[in-house]
Amino acid sequence: MDIKKAEFVISSALLSQCPKDTKAEYAFIGRSNVGKSSLINMLCNNKKLAKTSATPGKTLLINHFIINNEWYLVDLPGYGFAKRSKTELAKLDHMIRTYILQRQQLANLFVLVDSRLEPQKIDLEFIDWLGNSSIPFAIVFTKADKQTKLKTNENIKRYLLKLSETWEELPPYFVTSAETREGRDDVLGYIEQINKELKNA
Ligand code: GTP
Ligand code: MG
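So, here's what we can say about the structure. Every value quoted in this text rests on a predicted model; they were computed, and no experiment measured them.

1. A look at the coordination of the magnesium ion (ligand 2)
So, step 1. The coordination sphere of the magnesium ion (ligand 2), as far as protein atoms go, consists of Ser37 (OG) and Thr59 (OG1), spread over 2.0 to 2.2 Å. Residue serine 37 is found in helix 1 (residues 36–44), and its partner threonine 59 is found in the loop between helix 1 and strand 3 (62–67); the two are separated by 22 residues along the sequence.
So, step 2. Taking the relative accessible area as the measure of exposure, serine 37 reaches 7% and is therefore buried.
So, step 3. Residue class for threonine 59 comes out buried when judged on its relative accessible area of 11%.

Rendered as structure tokens:
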């Protein structure tokens, strides 16, 4: 699938501020700094579309980007960023979870995890919550350029093994790099496939 046009639409603090139309949307979640905004930019071939930063906690609102006038990519704030007050963290957590549970247009959620790390409790708990809430999601292992392919494969294997302790069926997963653009075709192909299924439903 080719992205011909990608445009910023709106930043929302509340679900009620999100676009009112019924186009399918694909959102990106994960710990602060894991590379959500960078992945959106990589998919869209536009480094300036979503704001990124080397410091965690850059994205603090729900950001909608319209793709080819047909569907949305949604950049969400990260979770688990400790350098904020408890009140602020609780507010962000509420924003993210309300969006995920109540946004009917959400066709698929991409949960990003750093491909270099061993399974983190905060991500596993979040994934459990998604599963228990019946939210359709896929896992994206980010920053694959930062280590050898061998190491990435080892880490993914370990991650899937960990998930299989809890889940009978494992989610689809992708390996990406915003630097080398690895995984771009796979992620876009996956979105295209869901878009097609929704059209035929
Ligand atoms: P928050 O909005 O704070 O939750 O973070 P985020 O998940 O949107 O992360 P962001 O895209 O802002 O990236 C965080 C940092 O990681 C930036 O310095 C990026 O340049 C870097 N980064 C993101 N993806 C990659 C990648 O695939 N490879 C490398 N080498 N660096 C990456
Ligand atoms: Mg961000």
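Still more ground to cover, so stick around.
2. Observations regarding the sheet that holds strand 5 (residues 106–114)
So, step 1. Strands sit in the order 1-3-4-2-5-6-7 across an open sheet of seven strands; the sheet is mixed. Looking at strand neighbours, the two that pair on one side only are strand 1 (6–12) and strand 7 (173–175), the edges of this open sheet. This sheet shows a mean twist of 25 degrees between the axes of neighbouring strands, independent of strand direction.

What counts and how
- Residues numbered from 1 in each chain as written.
- Chains lettered and ligands numbered in written order.
- Predicted model: local features only at pLDDT ≥ 70, side-chain atom pairs only at ≥ 80, totals over all residues.
- Heavy atoms only, no water.
- Donors = N, O, S within 2.8 Å, 3.2 Å for Na, K, Ca; no water.
- Helix = DSSP H or I, 4+ residues; strand = E, 2+ residues; numbered from the N terminus.
- Buried < 20%, exposed > 50% of the residue type's maximum accessible area, 1.4 Å probe, protein only.
- Pairing = 2+ DSSP bridges.
- Axes fitted to C-alpha atoms, helices over the stretch in contact; angles between N-to-C directions.

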